[in-house]
Amino acid sequence: MTAAVSVALTPSLRVRLGWAVTDTLTITRRNLIVWMRVPAYLVFTLVQPVIFVVLFRYVFGGAIPVAGGRYVDFLMPGIIGQTVAFGSFATAIALAQELKKGVIDRLRSMPMARSAVLAGRLVADTGRMFITVLVIIAVGYAVGFRFSNGVLPALAMVLLATVFGLAICCISAFTGLAIGDEESVQAFGLIWVFPLTFISSAFVPIATMPGWLQAFAKNQPVTNVIDTMRAMAIGGPIETNLLKSIAWLVVIFAVFVPLAIRAYRRAS
Amino acid sequence: MSLANGGPAILVEGLTKSFGQVHALRGIDLAVPQGTVLGLLGPNGAGKTTAVRILTTLLLPDGGRAVVEGYDVVREAAAVRRSIGLAGQSAAIQEELTGRENLELVGRLYHLSWPTARSRALELLEQFGLADAANRAAKTYSGGMQRRLDLAASLVGQPRVLFLDEPTTGLDPRSRLGMWDIIRSLVADGTTILLTTQYLDEADELADQIVVVDRGVVIAAGTAEELKSRAGGDVVEFTVPDRGRIADAVAAIATTVGGAPHADYETGLISVGVGGRGSDALVEVVRSLDGARVVTRGLALRRPSLDDVFLTLTGHAAEEEDQSGGRRRRGRRRQVAGAS
């Protein structure tokens, strides 16, 4: 085939950019519809955090003293961080399923924007994270949690939680595409998400952990993000934790977005 | 379009692909004229799916060249994607969405406007007998309906070349016949089809040309009739109900007919090619089995099937290598050269 023909058949950059946007929105819309139609996803997103709130607020909470404040105020930012991290499982599982069923093959063999499948997944998941965060805050209010640091920091906390959730979703997107098998993805997810969320400041003050564990707990992203959210919600020193959180988020995006794109291109 | 000169819709030359130590394709050549059906036939692991994945731009080849509708699958992948449709081994549909929503989604991703995507979806649902189920979630569909929806999705973009990777695997016989009818009607409309299958009767029914691949190379090519004539003419086939006498039966007929009998030690089914000697050979087989006092059932002379072709060419049955996924598995046949 001559070059002239293929050039004529290649749409302009502007057209292709437009397609990238509309294709991403099309995929986003599909993902949100699917999310709303599968009861298990809704339960996973909404009921699980409620269980955790009740469990820690009323079962374990009484035995966990926190310095200078109420446990419920300490707890809620932790629950938010933990829930968005667990919520990223859905990203990995959905991509692994699409891979296995051949949906990704079908989409990759079509003349649509190749970036749209991943981008649409992440946009939809960001929306999902945002709704989840709002639900947990509502549940928190029902069990006595209150923002006590003003409206802007509270909004900043919601934003940080959502961006953190998106970052974790990028990791999950990579694992889902790289592993490509639903059960393995789920098992592997537990292996890294459980330690990261429980060996953190999410549920208990880190000072109560043994020294060797504190070294990990203090310096990992979940703790930094949750401490920042806590300071935003109920006050306290914020700057160091915020900088550390931003640094972690930048690193996660810089590493896992390219990895996820690569895994998508090679997906088979 | 690009092929005013009437060149082949699909042209493959010396295509190779390895995954680590596994050589999936070891130099494959194919040429599919426009508006015809090529049946790519071979057991699991023969390289069929790898070839389809390269031709549909999902996988880059290691070497060789593949051209679809005049476009190179590596250098002009975007143009290839505008010319093709793909229906893979499983139904690549979103089960939570309705049939109509599934097709509209695909239409939107082909950059059709909403009204066009909708009318195209309704048209295809009608064509594939899914109009009544259009507004039901695809997860409520039967296996056959899901596969029809999947095939409909591959046609939304009105492809000139359609790749069907084992389109009837896992379907019940009735759905399978329905799928064949649909494929025939697509061909009648001028679509070029490359069809992979493990079912020899499927290739026999649908394909204008058949290419047999095994372990990454083409081992035979031609029409079904040409391939059958290569299988050595007629076949005498019978069953030995007493498993303990199978070896005796094989030994008895191997000396009379000269060909190498194929014996299935699980079902007791024995077949042997007898060339053009037909009924004479049948009599000889009866005599020698009688002489060896082997009791048989259902002894008959028949025309060779593509199964026989496959056995002759590869020394193993088409579906011998089992694969996970609950695929239908036939009895294992072992080639017995001469007496056992």
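Residues numbered from 1 in each chain as written. Chains lettered and ligands numbered in written order. Predicted model: local features only at pLDDT ≥ 70, side-chain atom pairs only at ≥ 80, totals over all residues.

(A) Geometry of the overall build of chain A. Of regular secondary structure, chain A possesses twelve helices and zero strands. For chain A, the N- to C-terminal ordering of α and β elements is α-α-α-α-α-α-α-α-α-α-α-α. On C-alpha atoms alone, chain A measures out to a radius of gyration of 20 Å, which is about the 18 Å that the 2.2 N^0.38 rule sets for 268 residues. C-alpha atoms of chain A, sized along the principal axes, occupy 75 × 35 × 35 Å. Within chain A, contacts between residues separated by at least 24 positions form 81% of all contacts whose residues are at least 6 apart in sequence. (Helix = DSSP H or I, 4+ residues; strand = E, 2+ residues; numbered from the N terminus. Rg over C-alpha atoms; globule rule 2.2 N^0.38 Å. Contact = placed C-beta atoms within 7 Å.)

(B) Highlighting the overall build of chain B. Across its full length, chain B carries eleven helices and 15 strands. Across the 340 residues of chain B, 49% fall into the buried class. Considering only contacts within chain B whose residues lie at least 6 apart along the sequence, 70% involve residues at least 24 apart. (Buried ≥ 20, exposed ≤ 12 C-beta atoms within 10 Å, placed from the backbone.)

(C) The interface of chain B and chain A, seen in detail. Counting from both sides, the interface comprises 30 residues of chain B and, opposite them, 25 residues of chain A. Looking at the side of chain B that touches chain A, the elements with two or more residues in it are β5 (71–72), α2 (77–83), β6 (84–87) and α3 (99–109) of chain B. Among the elements that line the side of chain B that touches chain A, the one with the most residues is α2 of chain B, at four residues. For the side of chain B that touches chain A, the class distribution of residues is 13 nonpolar, ten polar and seven charged. (Nonpolar A, V, L, I, M, F, W, Y, C, P; charged D, E, K, R; others polar.)

(D) Structural detail: helix α10 (residues 278–291) of chain B. Residue and element names in this part refer to chain B. The first and last C-alpha atoms of α10 sit 20 Å apart over 14 residues, in line with the 20 Å expected at 1.5 Å per residue. Where α10 is buried, its residues meet β11 (234–239), α9 (246–257) and β13 (269–275). In the segment just after α10, arginine 293 is the residue with positive phi, at about 55°. (Expected span 1.5 Å × (residues − 1).)

(E) Quick look at helix α7 (residues 116–142) of chain A. The terminal C-alpha atoms of α7 of chain A, which comprises 27 residues, lie 39 Å apart, in line with the 39 Å expected from a rise of 1.5 Å per residue. Just beyond α7 of chain A, the residue with positive phi is glycine 144 of chain A, at close to 110°.

(F) A look at the domain arrangement of chain B. Annotation of chain B at the domain level lists domain 1 (10–222) and domain 2 (230–335). Taking the mean C-alpha position of each, domain 1 of chain B and domain 2 of chain B sit 34 Å from one another. (Domains from an automatic or database assignment.)

(G) Representation of the sheet that holds strand β7 (residues 161–165) of chain B. Residue and element names in this part refer to chain B. Sheet architecture is open: six strands sit in the order β6-β7-β8-β3-β9-β10, paired in mixed fashion. In this open sheet, the two strands that pair with only one neighbour each are β6 and β10 (217–222). Within this sheet the neighbouring strands show an average axis-to-axis angle of 15°, counted without direction. Relative to β7, β6 runs parallel, the two being bridged by four bridges. By the bridge assignment, glycine 85 is partnered in β7 with leucine 162. Docked against the sheet, helix α5 (residues 143–155) engages β6 and β7, running at close to 165° with respect to β6. (Pairing = 2+ DSSP bridges. Axes fitted to C-alpha atoms, helices over the stretch in contact; angles between N-to-C directions.)

(H) Focus on the sheet that holds β5 of chain B. All names here are of chain B. With respect to topology, four strands assemble into an open sheet ordered β2-β1-β4-β5, the strand pairing being antiparallel. In the strand order of this sheet, the two ends are held by β2 (22–32) and β5, each with one partner. The pairing of strand β1 (residues 10–19) with β2 spans eight bridges and is classified as antiparallel. What sits directly across from leucine 15, in β2, is isoleucine 28. Contacts between helix α1 (residues 48–55) and the sheet are confined to β1, β2 and β4 (63–68), with β1 contributing the most and set at about 115° to the helix.

(I) Quick peek at the pairing of strand β9 (residues 209–214) of chain B. Residue and element names in this part refer to chain B. Most of β9 sits out of view: six of its six residues are buried. Burial along β9 is two-sided: the face carrying Gln209, Val211 and Val213 and the face carrying Ile210, Val212 and Asp214 are both buried. As defined by bridge partners, strand β3 (residues 37–41) adjoins β9 across four bridges and the pair is classed as parallel. Looking across to β9, one finds that leucine 38 is bridged to glutamine 209. Sheet topology places β9 next to β10; five bridges connect them, and they run antiparallel. Considered in β10, the bridge of valine 212 is made with alanine 220. In this antiparallel pair of consecutive strands, β9 and β10, the connection spans two residues, and arginine 215 shows a positive phi of 50°.

(J) Up close: the packing of helix α5 (residues 89–101) of chain A against helix α9 (residues 182–198) of chain A. All names here are of chain A. For the pair α5 and α9, the least separation of the axes is 9 Å and the interaxial angle reads 160°. Between α5 and α9, the crossing angle belongs to the class labelled roughly antiparallel. Where α5 crosses over α9, the two elements pack in a sense that is right-handed. Here Phe89, Ala92, Ile93, Ala96, Gln97 and Lys100 of α5 lie close against α9, whose contacting residues are Glu182, Val185, Gln186 and Gly189. Across the contact of α5 with α9, the residue classes break down as five nonpolar, three polar and two charged. (Parallel < 35°, antiparallel > 145°, perpendicular 65-115°, else oblique. Left-handed = near helix turned anticlockwise from the far one by under 90°.)

(K) Layout of the nonpolar core. The biggest cluster of nonpolar side chains holds 148 residues, and the ones touching the most others in it are Cys170 and Ala173 of chain A together with Val68 of chain B. Here this core takes 15 residues from helix α8 (residues 151–179) of chain A, the largest share from any one element. Built from parts of two domains, this core gets at least three residues from each of domain 1 (10–222) and domain 2 (230–335) of chain B. (Core = buried A, V, L, I, M, F, W, Y, C linked by C-beta atoms within 7 Å.)

(L) Local environment of the packing of α9 of chain B against α10 of chain B. Residue and element names in this part refer to chain B. Where α9 contacts α10, the axes come no closer than 9 Å and their chain directions differ by 140°. Taken together, the axis directions place α9 and α10 in an arrangement best described as oblique. Considering how the two elements wind past one another, α9 and α10 form a crossing that is right-handed. Note on element contacts: α10 touches α9 through Ala281, Glu284, Val285, Ser288, Leu289 and Gly291, opposite Ala249, Ala252, Ile253, Thr256 and Val257. For the contact of α9 with α10, a count of residues per class yields seven nonpolar, three polar and one charged.

(M) Representation of unusual backbone geometry in the model. Residue and element names in this part refer to chain B. Here the phi dihedral of glutamine 158 falls at roughly 45°; this positive angle occurs in a residue that is not glycine. When the 11 C-beta atoms within 10 Å are taken as the criterion, glutamine 158 is described as exposed. In the Ramachandran plot, glutamate 166 falls in the positive-phi region, its phi being about 50° despite a non-glycine side chain. Relative to the helices and strands, glutamate 166 resides in the loop between β7 and α6 (173–188). Glutamate 166 gets classed as buried once you count the C-beta atoms within 10 Å, which come to 23.

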